[in-house]
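# Chains, contacts and geometry: an overview
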Amino acid sequence: MNAPEIVVQGLSRHYGNVVALDDVSFTVPAGSIVGLLGRNGAGKTTLMGHITGQIRTTKGKVTVGGKTPFENSEVQESLVFIRDNQRYPDDYKLKHALRAAKAFHPEWDDALAEELVDVFRLPRKKPVVKKFSRGQLSALGIVIGLASKAPLSIFDEPYLGLDATARQKFYDVLIREFHKTERTVFLSTHLIDEMAPLLEHVIVLEKGKKIFDGSAENAGNLAYAAAGMSPAVEKFAVGKTALTKHQIGSLASFTFAGAITDEIRAEAKAAGVEVSAATLQQAVSALGADDSDDFEETPYRKGGKR
Amino acid sequence: MFEAETPIYLQLAAQISEGILRGDYPEGTAVPSTNELASFYRINPATAGKAVNALVDDGLLRKVRGLGMYVTEGAQVSLKSKRKKEFIDKFVNPLLEEANRLGITESEIYEHIKKEGKK
């Protein structure tokens with residue numbers, strides 16, 4: 001199978017009264033690296049469960065390379081799903097875990113697996129995989145994900161517990177392997193600013209709804225921040241809906257949805273506040289914030305006198 | 001290597017242009033491939049491709065089938081003339097504005113330029 005396209009149309013999922021996914025539609029182009037962003041509980045893992053066929057689709061439609069993934073052996077063989085809570089049998093050593101993974105992935109690359117085991121310094125003999133640290137388990141997931149050479153590679157927060165060096169190695173190998181073998185990569189992450197340059201395209205979920213779908217480069221149009229002295233920022237905010245308000249003493253920084261237009265720039269100048277486009281990470285964080293997340297406090301003063 | 005406000009592909013295109021202007025990539029030679037750029041800067045290959053294509057659109061690079069992207073004849077000259085046009089806006093006007101804010105007179109500016117220019 002060639003690198004497949006993922007098409008999600010009107011996908012909804014409810015668990016009792018909880019809406020996990022609400023009418024989500026998007027396309028992941030064949031042979032691209034796409035990121036899935038959103039806060040914990042936004043529906044990312046449920047969405048990945050549908051794409052990988054681990055969850056049966058009850059409302060809407062999901063196709064991978066034009067086929068429904070659920071109980072479809074062709075699709076199952078073509079994909080690898082690396083999730084953060086993968087369990088291994090008690091007596092599995094590294095070689096057993098790799099051997100098991102090899103059995104499921106027809107394109108498995110032994111040489112690459114060996115190379116990556118060294119790159120991530122995974123222990124070959126002791127301890128058993130069950131006793132691996134969080135970072136080692138993540139590294140093992142990455143080894144399996146990349147060595148599988150699966151045309152569709154899905155990673156659910158693959159970096160947990162990895163130090164900065166190991167994460168850079170992951171990004172390097174990911175780009176290298178992406179060049180070598182055509183594959184579609186779909187991954188969820190909270191390390192948005194760190195990983196955004198790797199992503200051709202990002203999809204942002206919030207409370208089960210898709211709130212952004214586009215190039216990471218355009219995310220600067222998603223939100224902006226206005227910062228300055230509290231009264232000036234308050235005045236600037238009149239008639240606008242702030243996504244987040246961050247106020248400490250006389251200083252304030254509010255975020256607003258949308259791009260910075262010339263009008264906003266002029267308004268900000270008149271009000272004496274600084275406006276700046278949000279980074280993707282700031283935008284995702286602001287769009288996922290509730291009023292309850294607003295943070296206000298009066299500064300602590302020594303001696304308690306004011 | 002990149003800042004957040006400007007799209008990465010524009011920053012990368014600017015860096016390659018800078019290399020052409022400095023003579024790091026002489027006319028008629030190849031610039032790094034999209035794959036090399038993506039791997040080196042740890043960016044999405046599509047973003048690297050976008051940067052290269054922007055330079056092709058500007059006439060600074062041309063695609064040689066099977067070989068890669070080459071710096072066009074006259075690329076350095078055309079970059080220089082473009083940058084000369086931007087010089088007033090980018091350097092002279094901000095300098096005058098800042099001098100005005102600080103109360104530095106025109107003759108003081110000339111003195112500084114003369115002194116620094118001799119170094």
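Residues numbered from 1 in each chain as written. Chains lettered and ligands numbered in written order. Predicted model: local features only at pLDDT ≥ 70, side-chain atom pairs only at ≥ 80, totals over all residues. Heavy atoms only, no water.

### Side note on the sheet that holds strand 4 (residues 59-64) of chain A
Sheet strands line up and pair through hydrogen bonds in the backbone, either parallel or antiparallel. Residue and element names in this part refer to chain A. Read across the sheet, three strands follow the order 2-1-4 without closing on themselves; strand pairing throughout is antiparallel. Since the sheet does not close on itself, it has two edges, and those belong to strand 2 (18-28) and strand 4, each with one partner. Each strand of the sheet is rotated relative to its neighbour by a mean of 20°, with strand direction disregarded. As judged from the five bridges shared by strand 1 (residues 6-15) and strand 4, these two strands associate in the antiparallel manner. In the sheet register, Ser-12 faces strand 4, and the bridge partner there is Lys-59. (Pairing = 2+ DSSP bridges. Helix = DSSP H or I, 4+ residues; strand = E, 2+ residues; numbered from the N terminus. Axes fitted to C-alpha atoms, helices over the stretch in contact; angles between N-to-C directions.)

### Some points on the environment of A:Ala259
Examined against the element boundaries, A:Ala259 turns out to sit in the loop between strand 12 (251-257) and helix 9 (262-271). Separated by 36 residues in sequence, A:Ala259 and A:Ala223 place their C-alpha atoms 5.9 Å apart.

### Some details on helix 1 (residues 44-51) of chain A
Residues and elements named next belong to chain A. Burial runs high along helix 1: seven of the eight residues are buried. Of the residues making up helix 1, those classed as buried are Lys-44, Thr-46, Leu-47, Met-48, Gly-49, His-50 and Ile-51. Just beyond helix 1, the residue with positive phi is Gly-53, at close to 75°. (Buried < 20%, exposed > 50% of the residue type's maximum accessible area, 1.4 Å probe, protein only.)

### Observations concerning the interface of chain A and chain B
With 15 residues of chain A at the contact, the number on the chain B side is 14 residues. Around 1200 Å² of area is buried between chain A and chain B when both sides are counted, 54% of it from carbon and sulfur atoms. When residues of chain A are sorted by the area they lose upon contact with chain B, A:His179, A:Pro197 and A:Glu217 head the list and together hold 46% of the total. Applying the counting criterion to the chain A and chain B interface returns one salt bridge. (Contact = heavy atoms within 4.5 Å. Buried area = accessible area lost by both parts, 1.4 Å probe. Salt bridge = Lys/Arg side-chain N within 4 Å of Asp/Glu carboxyl O.)

### As for the pattern of salt bridges
Residue and element names in this part refer to chain A. This structure, assessed with the given rule, holds 18 salt bridges over all chains. In this structure, Glu-115 and Arg-176 form a salt bridge, with 3.0 Å as the shortest nitrogen-oxygen distance. Taken together, the residues span a long stretch of sequence, with Glu-115 in helix 4 (residues 110-119) and Arg-176 in helix 6 (residues 164-180) at a distance of 61 residues. Assessed through its relative accessible area of 32%, Glu-115 is described here as partly exposed.

### Some words on a positive patch on the surface
Together, A:Lys93, A:Lys95, A:Arg99, A:Lys125 and A:Lys126 make up a positively charged patch on the protein surface. For A:Lys125, the position within the fold is in the loop between helix 4 and helix 5 (134-147). (Patch = residues over 30% accessible without salt bridge, like charges linked within 9 Å, V, L, I, M, F, W, Y side chains within 5 Å. Areas by Shrake-Rupley, 256 points an atom, 1.4 Å probe, with all protein chains shown as cover. Lys, Arg positive; Asp, Glu negative; His and termini not counted. Charge placed at Lys NZ, Arg CZ, Asp CG, Glu CD.)

### A short note on the domain arrangement of chain A
Residues and elements named next belong to chain A. By domain assignment, chain A separates into domain 1 (6-214) and domain 2 (219-298). Its C-alpha centre places domain 1 at a distance of 34 Å from the equivalent point of domain 2. Contacts between domain 1 and domain 2 engage 14 residues on the former and 11 residues on the latter. When domain 1 packs against domain 2, close to 920 Å² is buried across both sides, 64% of that on carbon and sulfur atoms. Along the contact surface separating domain 1 from domain 2 lie zero salt bridges. Taken together, the links from domain 1 to domain 2 amount to four residue pairs in polar contact (both at pLDDT 80 or more). Only helix 7 (192-195), strand 8 (201-206) and strand 9 (209-214) provide two or more residues apiece to the side of domain 1 that touches domain 2. Tallying contributions element by element places strand 8 first for the side of domain 1 that touches domain 2, with three residues. (Domains from an automatic or database assignment. Polar contact = N/O pair within 3.5 Å; in protein donor to acceptor, adjacent residues only side chain to side chain.)

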